[in-house]
Structures are given as C-alpha cells and as structure tokens.
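# Coordinate analysis (summary)
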Amino acid sequence: MYPLPDGLFAARNQWYIAAWSEEVTREPMERWILDEPVALYRTENGKPVALEGRCPHRSFPLGRSRIVGDDIQCGYHGITFRPDGSCAAIPSQSAVPAACRVRSYPIVEQWRWLWIWMGDPALADESLIPSVDELGLGDGDHLIVSGGYNLVGGRYMLLHDNLFDLTHVGYLHMPSFGSGGGAQDTVPEVKTGPNWVSSVYTQRNVDIPDFFSRFLNFSGKVDRVQGLKLFLPCLHVGGTQISLPQKADGTPGELLGSLRVYHAVTPATRHSTNYFFAAGQSWSSDRGVSQQLFDYQKNRVIPEDIMASEYTEEMIQKSRLTSEVLVRADAVCVTGRRMFEKMIHDEMTFDPVERALTALG
Amino acid sequence: MYPLPDGLFAARNQWYIAAWSEEVTREPMERWILDEPVALYRTENGKPVALEGRCPHRSFPLGRSRIVGDDIQCGYHGITFRPDGSCAAIPSQSAVPAACRVRSYPIVEQWRWLWIWMGDPALADESLIPSVDELGLGDGDHLIVSGGYNLVGGRYMLLHDNLFDLTHVGYLHMPSFGSGGGAQDTVPEVKTGPNWVSSVYTQRNVDIPDFFSRFLNFSGKVDRVQGLKLFLPCLHVGGTQISLPQKADGTPGELLGSLRVYHAVTPATRHSTNYFFAAGQSWSSDRGVSQQLFDYQKNRVIPEDIMASEYTEEMIQKSRLTSEVLVRADAVCVTGRRMFEKMIHDEMTFDPVERALTALG
Amino acid sequence: MYPLPDGLFAARNQWYIAAWSEEVTREPMERWILDEPVALYRTENGKPVALEGRCPHRSFPLGRSRIVGDDIQCGYHGITFRPDGSCAAIPSQSAVPAACRVRSYPIVEQWRWLWIWMGDPALADESLIPSVDELGLGDGDHLIVSGGYNLVGGRYMLLHDNLFDLTHVGYLHMPSFGSGGGAQDTVPEVKTGPNWVSSVYTQRNVDIPDFFSRFLNFSGKVDRVQGLKLFLPCLHVGGTQISLPQKADGTPGELLGSLRVYHAVTPATRHSTNYFFAAGQSWSSDRGVSQQLFDYQKNRVIPEDIMASEYTEEMIQKSRLTSEVLVRADAVCVTGRRMFEKMIHDEMTFDPVERALTALG
C-alpha cells in the first residue's frame, strides 16, 4: 500500500507504542493497532494488560466491556477472560473449552509509554525497545511534557513521510512557526543503523526563527541544527538546537536553547493512525515553559501535520493516483521507506502465516 | 451473511411487521424492508397501502412524495399510482403503458401492527399471521403500551441473536436492570413448533432483581421465570413472572407480577434493521404503570440492545472476522438460526426467481 | 453510468463552466471537475489560472496551498508551479526535473463565468464557447443576478435530466411555485443543433401561476411559454414569457413579463456535481427585483431540484436499480442523453488515450 509497494502494510514482529501510561486504567479502552482491535486495561496491582479486543463468542468489543478483578468480562454475555487471554468463566456452563480464548499481547511499560508486541509472542524480546537513555529520557532531561494523542485519518506511512522530510517545516508550518522556518532549503545528512534512520538539517548564520525568537527572547543570526532519529518501527526522537553562530575558527557558538520532541506513529487501521506526541526544552528549569511549548505544538503545529496527512490520504483515495516525483529532500524518506519495506519483507520470509496475513491487505 | 451461511439474507414469502398503525397516515412515509424501499400511506377511508417506494420513471422515492385522494403522486414529475400499484396518470400523456406500475404489497392491519408480505402476493395467506389471542393481546391484557421504534445500524439476525440469548440480561443490561440480573446463569428450556421457537429461563429462590423490587415494592427471595417465544420471521413475545418461591411440595408461589414485552425485528437493508417494541404489566390497573415501564425500557434497556447490535456489526465489518465460539446458552440461538436458514432455503427451492434475488446479496 | 450507457462518464474535450469570476481570487481554491482536482487562482494582474490540483511530489492539494506572485506554492513542502504548470522551484535542489510539473488547463473568462477545458489543450478552441450574444447576456438584458453555486451529491446527468423535463415544475416545485405550476401537462417542442438541444412548453389561456401573479401583480388568464436551451455540455439558458392570451386572429398578446434563468452543470466527481445558477427579469428596471427573484430561486426552488437529484442518486445506489419507464415528456431527455452519449463516443473514437481514461470509470 502506497507509499510502500502493493501488498505491504506493516511489520508485526515489532514493538509499537500502544498508549500513554495514564491512558490505560481500570476502565478498559479500545484501541485499534495494526488493523486489530485491542482491549487495554490494568490489573488490580496496576499491571497493564493488552487483549484481543473482540469477544470470540459474539464479536462484542472487549474494550467496551468491564473489568472484574484482574479479568475482563464481556459486556454482552459475561464471558470472562484472564490477562493471559484464557477464559475464566462462561456464565451458562462450567466447562470452558480451550477454543474460548483471546490473544494476549506482550505489553511493556517503560517511561510513560506502553509498548505492545502484536506479532509472535515467542519473539517479543524486550531488549529491542529503545532504552530510556538511548531516547534521552534520563532524569529531568528537557522536562518533557507528554500525553499528546490523536487518531489521524490517514495511513501511518504518511505520518512517517511527514517526519522524514523536515523541509515541510518552512511551508506546512508557516502559519504556526512563522517566518524563518522558510529557510529549510537544506539537504539533510542521513545516517542509518540496524533499526534506525536519522537526519540532521544544519543551517548556519540564519535569522532566528520567530518561534524561537519569542521563546528565547533573542534576535539576530544563529546556527540552527534540526534533526530527527526514527527508531523503527514507530518512535521519532527529534530536536532543534539554536546556538550563536560558530566562530571563524570553527568552534561552535554558545547554545541558546534546545527543543526536544517525540513523535510516535502506530498503525491503527489501514487508513488511520495512532499518533502520540511529547515535547520539552532545555533553557528553563520552569516546567511551565515546557508545558507552554507542548501546548503550542499540540494546538498549532501538530494539527498542521495531521491536516497534511489527512488531505493527502483523501487526495490519494479520491484521485486514485499515487505516482510521485522524488526530490533531493526525499533522501531520508526513500531510505526510511526502504527500511520499512525490508522489515516487512524479512518477517514475511521467516513466517509464512504472517506473510499470508500481511498480504491479505 | 453471518450469522447465516453465505448467500442467505432473509425469507421473502413471510409476513413482517412493517410499521405501527399510528405511523402510517395520510402523509406518505418511506421504510426500507428486505432491502427494498416501501412507500406506506392510508387511503381516504383509512385503508393502509404499501407500494414499491421507487418511481419506475426516474427512481424518485414515492415515500417522499404526496397523496392525492387514494393514490400516490410522485413528487418529481407527478406520475400517479393507485393502491394496487397500477398507474392512474402520467401528466404528459393520456395513454398509460402497462410497464408503468409499481409493486403493491399485501398489507394487513391487526391489533396495532401493519403486517407486510414482500414475496409472491399469491402466497400471502393472512392466516399465517399470529392471531391476537396467540400473542396474548386480548382485551386489556397487560395494558400494553406500544409504539417503540428504532432503525438499528446492524443486520437483523444480530437482533434475533440478542433475543435468543437472555443470559445477556445480566451483563449487557447491568446498567439498566442493576444487580440481580446477574444471576442469569441458567440454560433455557427450548421448544419449537412449525413456525416458532421458545425459550424459558427458570430461576428458583433468587433475590428479586432491583428492577422488579422497585416496581413491585418487594424485597426477598422469589422464583423468576423469564421467556421469549419467536413467531418466525419477526415477532418475539416475552415475559417475566415474579412469584413467591414455590413451596416444598412443589406448588407454585403467589404471582407477584408479570411483565410482558413484544420485540419485532424486520430487516431494513442488509446492514440495518427496523426494530419495534411494546411492553406492559399485570400488577396494576393503572395504565401509567405500563407507560412508566415502557419508557424505562425505551430509554434505558433497548438502547443497550441497540448498542450491542451496532457494536457487533461494526466489529464484524471492521475486523472482517465472523468466527465464533458457541456456549451452552446458545442452544436457542443455534435452533433459531437453523429455522431461519431452513425457511430461506425452503422458499429458494420452490421459487427459482426468489432464489436468484435472494442470492444476489 | 446511468442514465448513460455503462462505461460512459463525461466528454473531456469540451468547455465546462468551472467557477463564477468572483469565486476565483488571489486565494487558491480547490474544485473537482470531471473527477479531477483543479486548483483555481488569479495571477497578480488578475488572469485566471487552472492547474491540476494535486502536487506531483506528495499528493498534497494545491487548491489548499498558497500563491506566491503568479505561482502556486505547495502548502506541504514548498514546491512551486507556474501558471503554465511547469515547476518554478524545489526548495531542496536547484535542478528541476521535467517530470515535476502539473497540467495547466486552458481557462477563459467570459461574462461572469470561467470556462475550463479539461481535455487535450491542442483542441481547446475558444470559439466553441457560446457567445455572450448567443446567451442573451447583452448589456443590461434582464438584469441578471449571478453567483448561485451548489455542490450537489448526485451524478451530473441527473441534473440534466431534471432540466430536460420541465413537467417537474408542476410537481417537484409545487411547494415553491404553488398552484398553477401544476398545469405543465404539455409535451414540449424539441429542436436540436450541432451542439444544443432546446425545448419549448407552450400553454395558452391558463391561469397565471401564483409565482408570476405575485411578481407581476396580475390575475387572470395568460399565455405561458417556457423553454430551456442546453448548450452542450453544460449550460442551460431558459426562460418563461407570460403574456396576455393571444387574440382570436393569432396575434400574440401583450408581454407581461419575461423571466430568464441560467443553469450550468459541471461534473465534479462521478457522483457529485458543480451546479451554477443565475436569474433575471425584464419587467422592472429595478435590479432589486432581479435580486428578489434570484433569492427566491436560490432559497426555495433550487433546493427542490437538488433534493430530487440527491434523493434519486441515493435511491439508485441503495436499491441498485436503474431501470426506467419513459414517458412522452421524456422526448427532450432522450434526445439530450443521446447527444451526450454521441459526444463522449466521438472523442473516444478519435482519442484512444482519452477513451481508456473515460472507460476507467
């Protein structure tokens, strides 16, 4: 499925961000992930549980059911499932057939995220989740404000495309970021690792963008280094450093401020996406400044990204065209898409069942 | 179509409830029945008329047109049809070709219902309609309050499934019926006749459910007998008897109160259903008590059934899965579905045209 | 596609009305025409521009982008296109590949309309556009008030069908036009030319319709001559003349008033239509009278036509039936549809690419 080759949707044997910690409570919730309904809740001692969200009896949504102790009881006829997916009780009978069960997905709570593994549980290696340190989420770093969530009406790769190409900042975000963002005519430096791809956009001696000028209370020329690193398959960690221009001898100028953002992109259905967002900053020890920054992104910036993704999804579907012209700024995009493609192909090669499922499309 | 085998939708040579008497007036109305548009209205002397709801000229909906005398005049170009479906007038010409006609469906008014026959009119035998006595609608019995109607966004068999398995009362209706409903862990006694299937759930010496406790102003143990009888293809007649527990010698306890309900389920389109509802009671000669009961069901109970049906329809369509696990409480459901299946198959065998139409799906 | 034969949608090598002059400004707008997105705007000196509305880079809608000088800059990544569709700039690179371009559609401003040519630009002969004189739009004639626009949720041929058969005036427009409209039981006189079809409905010595009675402040018998002329593929010019009845010797009676209307019907998508409307009158030199007339049509009459088209579209799709009975009043309709059919076939014969595109449907 565009922008991936036909028949490819998404890798299943991967960790995806399913929810913010605070979203999952003793009230069950339904969230679609990789085109499957998932019921999320917590046991009495707070352990998160992720179960297949469709009761195998009559297809009622378990995510719209109720919790009884550590179990979830179907809201329709009361069939009850344990956190491991096995059936604890069927009201009308004492025997519980083995077939009466739901899938239980491995789920891991780390920092403020719940990571889910939708594929083969035997392969769910927690060490594959990027560590808190790797993500720059050490104690108090950047005073990150989290909790941004949107269900976006577009396929998940459009959100990745969006983040792969930051030249959009100067155009799509002109209304929110104002002038100065427009100077993003820079081809990024791209690096890749086994499960990541990063891009860095360096602009030297440019006018400080309006947005940062307001926040840092500074006018004049700066060096602006902007970058994003995607930990496949879903988490982009990014930031912008604003410094005084580097000196003639090449020594870097003083750092005026550093902005940090986290964007997580988890496929919901084939044409919709769970989109998570967090942001923080380095220049003030006042958490309220991070909150202000988060709110600005949430209310002004992210809606522009969502608009672009939804307009694009609509245009693709309505015009039935997906041809495209690639430009230099698409270097990251092309690299990133290839990594997704390879990731999906690899698991199809190794797992014929998943291969069949994925190809169903 | 799930839960029936692929290719089966609904029997046509059957009487279905089309509307409440008071719904059909001198203003025409449109109602979809068995995936066909039907225009319903009354002649000057009050006789109900059911015509194919699509003008054969330009497909304008006759149900959104106007009545002229006993005829219906298409709201677009004025072509006029008589109650028998023949064309009375074409504005631009005096000759009326035989092809310019609509189907006229046999329609019978009995008690407060209008019954329609969508199949071969030659087979429309009124004696097949369950009689008022058979339905317990004799004079003043239970002071029935009628008129409940909802267009439900789910296939009609999901509504039958709902009514086939009353163990849902303790779970789906927990919010409305409260505790006590939860004790429905009883396998029903199932009986069948040529065109009906019934189920009775007997619970002895249980706490009176909250709902009845409030209405009957009684606390303590009771015998609760709950049952439904479906007159195929559409009308469920049900009730609950609350009595003092039966005595040691087996003689029944005093009847505290009897609740009566009528649920009619008529396919609208393939994925929507006309759902009619009425209710009454035996313990008070005050019609206001029946009204209160009806209102409670209408505002609190029925919305839960509709929610379950619509959630299930959505889940089936979105997850593209219809597999299911059967439990003991599904005895009625399995029996009932088989009767629907047989009913559809039988008419396909005898009527190749209907067979082709039904298989169109 | 009904009411045309299967596989036929619409002719492309034709002039269509794309917009009212005042709709197209220095803010770009998106309008779908012949199932394609079009971005419309004006250059600094006011020249209208019509470009393919989908950025070839990432499918972002250019009609929801921004104007920079005479060019349109994609609102997503800033790729900029000139009025001729060539690419003026790609932010991340200096070289501009030839493939990075959009189609530029010939567009002509005449009177208050913008006419667009969606087919082969080499064939876009401006002389094919009906002239202002031909359309009766000479200086001050009928004091036409223009600017009516609706996006209708029905296929464009349903709007033509509507206009081809004015017998609908007496029925569909009974609520707005009132009694007297009902006397339209007259078969029209049909004439055709190479690119037009006209119909005239003459009624002699009939009661003046309520609508005209109010406007002309006259009661009694009149001659009413009503007609429409369609300049294929999109513009209907119509009018009604109300005169005193013709005399016994055949000399026409005094003209009491003449009403003029313009209806333009441009396919948006396969199931939606751009519908433009204007109206004026001859009996008062007060432009306010034309405005009143326009407002009445806009608020009362046109909504009835739209309702009929949308109801019909819905009925066709929902009932999956398109069979029809033809009546005498359909003479214009049958003639007009054949002309559309021939027009589409002709260009398919001459242009195999367009043929393939049109047949895609």
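Residues numbered from 1 in each chain as written. Chains lettered and ligands numbered in written order. Predicted model: local features only at pLDDT ≥ 70, side-chain atom pairs only at ≥ 80, totals over all residues. Heavy atoms only, no water.

## A short note on the overall build of chain A
The line we're drawing: Secondary structure elements follow DSSP: runs of H or I no shorter than four residues count as helices, runs of E no shorter than two count as strands, and numbering proceeds from the N terminus. All radius of gyration figures rest on C-alpha atoms, and the globule criterion is 2.2 Å times the number of residues raised to 0.38. Burial here depends on accessible area, computed with a 1.4 Å probe over protein chains only, as a share of the maximum for the residue type. Under 20% is buried, over 50% is exposed, and the range in between is partly exposed. Throughout, a contact is declared for two residues whenever any of their heavy atoms are within 4.5 Å. The Shrake-Rupley method, run with a 1.4 Å probe sphere, supplies the accessible areas, and residue values consider only the shown protein chains as cover. Positive residues here are Lys and Arg, negative ones are Asp and Glu, while His and the chain termini are left out of the count. Lys charges are placed at NZ, Arg charges at CZ, Asp charges at CG and Glu charges at CD.
Looking only at helices and strands, chain A features six helices and 17 strands. For 361 residues, the compact-globule estimate of 2.2 N^0.38 gives 21 Å, and chain A sits close to it at 22 Å. Taking the principal axes of its C-alpha atoms as reference, chain A extends roughly 80 × 45 × 35 Å. Within chain A, the fraction of its 361 residues that count as buried is 60%. For chain A, contacts bridging at least 24 residues in sequence account for 60% of all contacts bridging at least 6. If you sum the accessible surface of chain A, you get close to 13700 Å²; carbon and sulfur atoms cover 51% of it. For chain A, the distance from the average position of its 33 positive side-chain charges to the average position of its 43 negative side-chain charges is 3 Å.

## Describing the packing of aromatic side chains
All names here are of chain C. Under the convention used in this document: By convention, a stacked pair of Phe, Tyr or Trp rings (six-membered ring in the case of Trp) has centres within 6.5 Å and planes under 30 degrees apart, an edge-to-face pair has planes over 60 apart, and any other such pair is tilted.
Throughout the structure, instances matching the rule amount to 54 aromatic pairs over all chains. Ring geometry for Trp-20 versus Phe-276: centroids 6.2 Å apart, planes at 75°, classification edge-to-face. Here Phe-276 lies in strand β17 (residues 272–281) and Trp-20 lies in strand β1 (residues 15–20), a separation of 256 residues in the sequence. Like Trp-20, the residue Phe-276 is buried in the burial classification.

## Re the UniProt feature "domain: Rieske" (unreviewed entry) in chain A
This is how it is decided: UniProt positions are given in the numbering used here, feature names are shortened, and annotations may be inferred rather than shown by experiment.
Feature annotation in UniProt places "domain: Rieske" (unreviewed entry) on residues 15–116 of chain A, given in this structure's numbering. Helix makes up 0% of residues 15–116 of chain A and strand makes up 41%, while its end C-alpha atoms are separated by 5 Å.

## Re the domain arrangement of chain A
Residue and element names in this part refer to chain A. Quick reminder of the rule: Domain extents, as shown, originate in an automatic or database domain assignment. The term buried area refers to how much accessible surface (probe radius 1.4 Å) is lost by two components on association, counted for both of them together. Criterion for a salt bridge: a side-chain nitrogen of Lys or Arg within 4 Å of a carboxyl oxygen of Asp or Glu. The definition of a polar contact used here is a pair of N or O atoms within 3.5 Å, where within protein one atom must be able to donate a hydrogen and the other to accept one, and adjacent residues in sequence count solely through side-chain atom pairs.
Assigned domains of chain A: these are domain 1 (24–109) and domain 2 (130–352). Taken over C-alpha atoms, the centre of domain 1 sits 36 Å from the centre of domain 2. Between domain 1 and domain 2, a total of about 530 Å² is buried, with carbon and sulfur atoms accounting for 52% of that surface. Among the residues of domain 1 in contact with domain 2, Arg-31, Trp-32 and Asp-35 are the three that bury the most area, contributing 75% of the side total. For Arg-270, the salt bridge identified is with Asp-35, shortest N-O distance 3.1 Å. Connecting domain 1 to domain 2 are five residue pairs in polar contact (both at pLDDT 80 or more). At three residues, strand β2 (residues 29–33) tops the list of elements feeding residues into the side of domain 1 that touches domain 2.

## A closer look at helix α1 (residues 156–164) of chain B
One full turn of an α-helix is made of 3.6 residues, so residues set three or four places apart face in the same direction. Within α1(B), nine of the nine residues are buried, which leaves it mostly tucked inside the rest of the structure. Within the span of α1(B), buried status applies to B:Tyr156, B:Met157, B:Leu158, B:Leu159, B:His160, B:Asp161, B:Asn162, B:Leu163 and B:Phe164.

## Description of the interface of chain C and chain A
The interface is formed by 30 residues belonging to chain C together with 35 residues belonging to chain A. For the chain C and chain A pair, buried surface summed over both sides reaches about 2600 Å², with 57% attributable to carbon and sulfur atoms. Seen at the junction of chain C and chain A, the total is five salt bridges. Two residues, C:Arg58 and A:Asp330, come together in a salt bridge whose shortest N-O distance is 2.7 Å. Remark: the boundary between chain C and chain A carries twelve residue pairs in polar contact (both at pLDDT 80 or more).

## A look at the confidence of the model for chain A
Our working definition: Along the chain, pLDDT gives the predictor's confidence residue by residue, from 0 to 100.
On average, residues of chain A carry a pLDDT of 92, and 94% of them reach 70 or more. Interface confidence for the predicted complex, given as ipTM, is 0.92, next to a pTM of 0.92.

## Let's talk about the sheet that holds strand β10 (residues 113–117) of chain A
All names here are of chain A. Filter applied, for reference: Here, strands pair whenever DSSP counts at least two bridges between them. The axes are straight lines fitted to the C-alpha atoms, using for helices just the contacting stretch, and the angles between their N-to-C directions are given from 0 to 180°.
Read across the sheet, three strands follow the order β1-β10-β9 without closing on themselves; strand pairing throughout is antiparallel. The sheet terminates laterally at β1 (15–20) and β9 (107–110), the two strands that pair on one side only. Averaged over all neighbouring strand pairs, the angle between strand axes comes to 30°, with direction disregarded. The pairing of β1 with β10 spans five bridges and is classified as antiparallel. When the bridges of β10 are listed, Tyr-16 appears paired with Ile-116.

## Here's the deal with the interface of chain B and chain C
Heads up, the condition is: Under the convention adopted here, Pro, Cys and the residues Ala, Val, Leu, Ile, Met, Phe, Trp and Tyr are nonpolar, Asp, Glu, Lys and Arg are charged, and Gly plus all remaining residues are polar.
Taken residue by residue, the interface counts 30 residues in chain B and 35 residues in chain C. Counting the surface lost from both chain B and chain C, the interface buries some 2600 Å², and carbon and sulfur atoms represent 56% of this. One can count five salt bridges joining chain B with chain C. The salt bridge involving C:Glu314 is made with B:Arg64; its shortest N-O contact spans 3.9 Å. Its residues placed into classes, the side of chain B that touches chain C shows twelve nonpolar, eleven polar and seven charged.

## Some remarks on the pairing of strand β10 (residues 113–117) of chain C
Residues and elements named next belong to chain C. Burial analysis of β10 places five of its five residues in the buried class, the great majority of the element. Bridge count for strand β9 (residues 107–110) against β10 is four bridges, and the pairing is antiparallel. Bridging from a neighbouring strand, Val-108 pairs with Trp-115 of β10. Two successive antiparallel strands, β9 and β10, enclose a turn made up of two residues, where Trp-111 displays a positive phi of approximately 50°.

## Describing the sheet that holds strand β3 (residues 36–42) of chain B
Residues and elements named next belong to chain B. One open sheet accounts for three strands, arranged β2-β3-β4; its pairing is antiparallel. At either end of the open sheet lies a strand with only one pairing partner, and these are β2 (29–33) and β4 (48–52). Strand-to-strand twist of the sheet, defined as the mean angle between neighbouring strand axes without regard to direction, takes the value 35°. Of the pairings in the sheet, the one linking β2 to β3 comprises five bridges and is antiparallel in character. In the sheet register, Glu-30 faces β3, and the bridge partner there is Ala-39.

## Structural notes on the relation of the copies chain C and chain A
Mapping between the two chain copies consists of a rotation about an axis together with a translation along that axis. This is how it is decided: A least-squares superposition brings the copies together, and it is based on the C-alpha atoms of residues with pLDDT no lower than 70 in both.
If you rotate chain C by 120° and push it 0.1 Å along the axis, it lands on chain A with an RMSD of 0.0 Å. In short, the pair behaves as if placed about a three-fold rotation axis. It is C:Gln317 whose C-alpha, among those of chain C, lies nearest the rotation axis, at 11 Å.

## Looking at unusual backbone geometry
Cis geometry is found at the peptide bond from A:Leu232 to A:Pro233, where omega equals 5°. Assignment of secondary structure puts A:Pro233 in the loop between β14 (221–231) and β15 (235–243). Here the phi dihedral of B:Ser59 falls at roughly 70°; this positive angle occurs in a residue that is not glycine. One can find B:Ser59 in the loop between β4 and β5 (66–68). With a phi angle near 55°, C:Asn205 is a residue other than glycine that sits in the positive phi range. Within the fold, C:Asn205 resides in strand β13 (residues 196–207). Accessibility expressed as a relative area gives 45% for C:Asn205, which makes it partly exposed.

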